[in-house]
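# Tertiary structure, described
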Amino acid sequence: MTEAATTDLLDCASEPIHVPGTVQSYGFLLALTLDWAITRVSANVAAFTGLPPAAWLGSIAADLIAPQALHTLRNQAAYLRETDEIHRLFAIELIAGRPPFDIAMHRSGDAIVIEAEPAMLDEREAAALVRAMLARLKHSEALPAFLRDGARHIQALTGFARVMVYRFDADGHGEVVAEALRGAGTGTPYLGLHYPAGDIPAQARALYLRSAFRIIADVASDPVPIDSLPSAASEKLDQSLSVLRAVSPVHIEYLRNMGVAASMSISIVVDGKLWGLFACHHTAPRLPSFAYRTGAELFGEMFSMMLESRLRRDAAEDEARADAAARLLVAEMEHDRGLLTNARRLGELIFDIIPAAGLAVRVDGKIWSTGAVPNPAQCSAITSWLAAETHHRMFSSAALSTVFPPAADHADTAVGLVAIPLMRGPEDYLLLFRPEQATTILWAGDPDKSDGPGTNGRLAPRQSFNAWAELVTGRSLSFTPGELVAAETIRVALLEGLYRSRGLLSPDVQ
Ligand code: BLA
């Protein structure tokens, strides 16, 4: 681990991992001006091309690169904009008389970046396999099977011994939600384990959103420096999109601590956000061919789109159920002006779509309730606080006492709350309560020990990945985004029902 890279780091997220100035050793990198003059080259270029860095630096591409290859590269470059595109070219005879290369090309500011590695000539085979896998994936039934099949297909494509689907929660913590394990020595399953957000810091997550594929082919290999012409040396090359980008030394240490020799991750992007990763490990160095890696990335993209449409379909089904319940509410309120204060009946209509243990309605200073709820004085205290603090907006919390300390007094009955304002008196609300649900989260190692200085004062990843159980108390089951949408639907229905029951709205007005 290089001292200089990490000594002045305050936290993991401030490490500038996009400008290491080094590459991994399995390929070489060239950076060119838009006039095709070579300004940077990785120090290992001679091993691949027979020409040392000095022969490349300051040359014009046409002096060294075969005419047909240059023609192809120029055509590609014309399509490269300053966006996050990475173009791939297979089996290019870059240098006359030498074996072909597989190539990734992208733009980094004013530079054209070319990264090359020896070609494997297996592009068609990889493409056919991906096509067959995508066809099969359409038949995976429920979500857990879909995730598991996705992990298995990535494993079949890349040969990694452990392939996990790792899902981020809203705070950036993650959980292994599916896993495919193969081969001797692959170790214990990680399925169900949680990892703290700091294990994949924010700037790394942001990069994985821009570039969906990351491989660390050999944890033990030394990073190779990128040499620059003096005119280019003052500025660092932004390697955000570089496929060969060398790896943060902290992360290398993390992988070593985990007993991993090669690591690969493929982004799973849903609704433009990083939903999760296929996280893959191998206990020996591993570099699938460029074509298979490209296939795995394509598979990841298609998988993401299929996942997005599955999640949308599930959400649409939830919404349809909420709409049906809301229509029933409106219809009943029209004929029964007392429904709003009939807590038991309201509960029957609402608990199906937003499971809760108790319901209270406060209307005109009075409280009606059903199930496990705080006492009337406590309910009034809650609605007074809501009126003052939330300005008649919907409110929800799985741990009310963290924002409203008096709620600790009824922690035995009600700790989670969704509050739906009724738009009558300012303190009139419908309150849905959930009891405490103590849960055990299995962390892979103590999360509090993940992001601190190591023994010599430098930031270091934790050493131990032994499962560590955290008992979470004082919280109810969380209210899901779908349940909160349903609560909003109910709010609108109650409003409509109120108007109709007073003849303020004719029944056919929507
Ligand atoms: C990157 N950390 C990563 C990546 C993963 C993890 C998947 C993406 C790169 C890769 O594929 O290896 C973490 N890997 C995991 C987790 C599991 C797994 C959670 O298999 C669970 C099964 N990491 C730390 C600390 C720091 C840190 C303390 O623990 C910072 C000081 C940093 N992690 C870190 C950095 C990267 C990273 C900087 C980016 C590496 C890169 O792309 O260069």
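Numbers given to residues run from 1 along each chain, matching the order in which its sequence is written. Residues qualify for local features only when their pLDDT is at least 70, as the model is predicted, and side-chain atom pairs are given and counted only at 80 or more; totals for whole chains, interfaces and linings, by contrast, use all residues. Side-chain descriptors were evaluated using all non-hydrogen atoms of the structure, hydrogens and water having been removed beforehand.

The subject of this paragraph is the confidence of the model for the protein. Every residue gets a pLDDT, meaning the predictor's confidence in that residue, from 0 to 100. The predicted model of the protein averages 90 in pLDDT, with 93% of residues at 70 or higher. Of the regions scoring below 50 in pLDDT, residues 451-456 engages in 10 contacts with residues more than four places distant in sequence or in other chains. Confidence over residues 506-510 falls short of pLDDT 50; this stretch has 7 contacts with residues more than four positions distant or in other chains. Contacts are assigned to residue pairs with any non-hydrogen atoms lying within 4.5 Å of each other.

Turning our eyes to something else, we now look at the layout of surface pockets. Throughout, the protein atoms alone are placed on a 1 Å grid, and a set of points is a cavity if a 1.4 Å probe fits but cannot get out or a pocket if it is open with protein on both sides within 12 Å along at least five of seven lines; lining residues have an atom within 4 Å of a point. Grid points are joined across faces, edges and corners, and a volume is the space filled by probe spheres set on the points. Its volume calculated, the largest pocket comes out at about 2,000 Å³. As for the largest pocket, its lining consists of 41 residues, of which Arg167, Phe168, Asp169, Ala170 and Pro481 are closest to the centre. Helix and strand definitions follow DSSP, with helices as H or I runs of at least four residues and strands as E runs of at least two, each counted in order from the N terminus. Listed by contribution, the elements that provide at least two residues to the lining of the largest pocket are strand E7 (162-168), strand E8 (174-181), helix H8 (202-210), strand E13 (273-282), helix H11 (290-335), strand E19 (439-444), strand E22 (467-472) and helix H14 (481-501). Ranked by the residues each element gives to the lining of the largest pocket, the list is headed by H11, at 6 residues.

Those residues of helix H10 (residues 249-258) not exposed but buried are Pro249, Val250, Ile252, Tyr254, Leu255 and Met258. A positive phi of about 80 degrees marks Gly259, the residue just after H10. Relative accessible area decides the class of each residue, using a 1.4 Å probe on protein chains only: under 20% of the type maximum gives buried, over 50% gives exposed, and in between gives partly exposed.

Glancing now at the pattern of salt bridges. Salt bridges are defined as contacts in which a side-chain nitrogen from Lys or Arg sits within 4 Å of a carboxyl oxygen from Asp or Glu. For the structure shown, the criterion picks out 15 salt bridges. Between Arg162 and Glu179 there is a salt bridge, and its shortest N-O distance comes to 2.6 Å. Here Arg162 is found in strand E7, whereas its partner Glu179 is found in strand E8, with 17 residues between them in sequence. Both residues of the pair, Arg162 and Glu179, belong to the buried class. Arg312 is paired through a salt bridge with Asp271; the nearest N and O atoms lie 2.7 Å apart. Linking Arg312 in helix H11 with Asp271 in the loop between strand E12 (262-270) and E13, this pair joins segments that are 41 residues apart in sequence.

As a further point, take the site of the ligand. For this purpose, a residue is taken to be near a molecule or strand whenever a single non-hydrogen atom of the residue falls within 4 Å of it. In the vicinity of the ligand lie 29 residues, with Cys12, Tyr208, His251, Ser263 and His281 positioned nearest. Note that an oxygen atom of the ligand is positioned 2.7 Å from one of the side-chain N or O atoms of His251. Definition of a polar contact: a pair of N or O atoms within 3.5 Å, with one able to donate and the other able to accept a hydrogen when the atoms are protein atoms, and with sequence-neighbouring residues admitted only if both atoms are side-chain atoms. Ser265 places a side-chain nitrogen or oxygen 2.9 Å from an oxygen atom of the ligand. Calculation of accessible area relied on Shrake-Rupley with a 1.4 Å probe; when residues are assessed, cover is drawn exclusively from the protein chains displayed. Considering the ligand on its own, with 880 Å² of exposed area, one finds that the protein chains cover 100% of that surface.

We now examine a nonpolar patch on the surface. On the surface, Leu298, Met302 and Met305 cluster together into a nonpolar patch covering about 270 Å² of accessible area. Tracing the backbone through its elements, the reader meets Met302 in helix H11. Without a salt bridge and with relative accessible area above 30%, a residue can belong to a patch; like charges are then joined within 9 Å and nonpolar side chains (Val, Leu, Ile, Met, Phe, Trp, Tyr) within 5 Å.

Attention now goes to the packing of aromatic side chains. Each aromatic pair joins two rings of Phe, Tyr and Trp (for Trp, the six-membered one) with centres within 6.5 Å, and gets the label stacked for planes under 30 degrees apart, edge-to-face for over 60, and tilted for any other angle. Under the counting rule described, the total for this entry stands at 12 aromatic pairs. Seen from their ring centres, Tyr166 and Phe168 are 5.5 Å apart, and the 90 degrees between their planes marks the pair as edge-to-face. Neither residue differs from the other here; Tyr166 and Phe168 are each classed as buried. Through a chain of ring-to-ring contacts, three or more aromatic side chains come together here, namely Phe28, Phe48, Trp56 and Phe101. A positively charged side chain is recorded as over a ring if its NZ (Lys) or CZ (Arg) lies within 6 Å of the ring centre. The angle to the ring normal must also be within 35 degrees. Taking NZ or CZ as reference, Arg162 lies 3.6 Å from the ring centre of Tyr190, over its face.

Direction of pairing for strand E1 (residues 22-23) relative to strand E11 (residues 224-228): antiparallel, over a ladder of 2 bridges. Counterpart to Val23 in the pairing with E11 is Val224. In this sheet, E11 lies alongside strand E3 (residues 38-42) in antiparallel orientation, the contact comprising 3 bridges. In the sheet register, Val41 faces E11, and the bridge partner there is Asp227. Here, any two strands with at least 2 DSSP bridges between them count as paired.

One open sheet holds the 5 strands; their spatial order is E15-E14-E18-E17-E16, and the pairing between them is antiparallel. Strands with a single pairing partner mark the edges of an open sheet, and in this sheet they are strand E15 (366-371) and strand E16 (395-397). Within this sheet the neighbouring strands show an average axis-to-axis angle of 10 degrees, counted without direction. Examined bridge by bridge, strand E14 (residues 358-363) and strand E18 (residues 429-434) share 5 bridges and lie antiparallel to one another. By the bridge assignment, Gly358 is partnered in E18 with Phe433. Lines fitted to C-alpha atoms define the axes, with helix axes restricted to the stretch in contact, and inter-axis angles between N-to-C directions lie between 0 and 180 degrees.

Structurally, the protein comprises domain 1 (3-288) and domain 2 (318-438 + 474-501). Between the C-alpha centres of domain 1 and domain 2 there is a distance of 49 Å. Where each domain starts and ends follows an automatic or database-derived domain assignment.

It is worth spelling out the environment of Ser14 at this point. Note that Ser14 resides in the loop between helix H1 (3-6) and E1. With relative accessibility at 39%, the residue Ser14 sits in the partly exposed group. Taking the C-alpha atoms as reference, Ser14 lies 8.8 Å from Ala202; in sequence the two are 188 residues apart.

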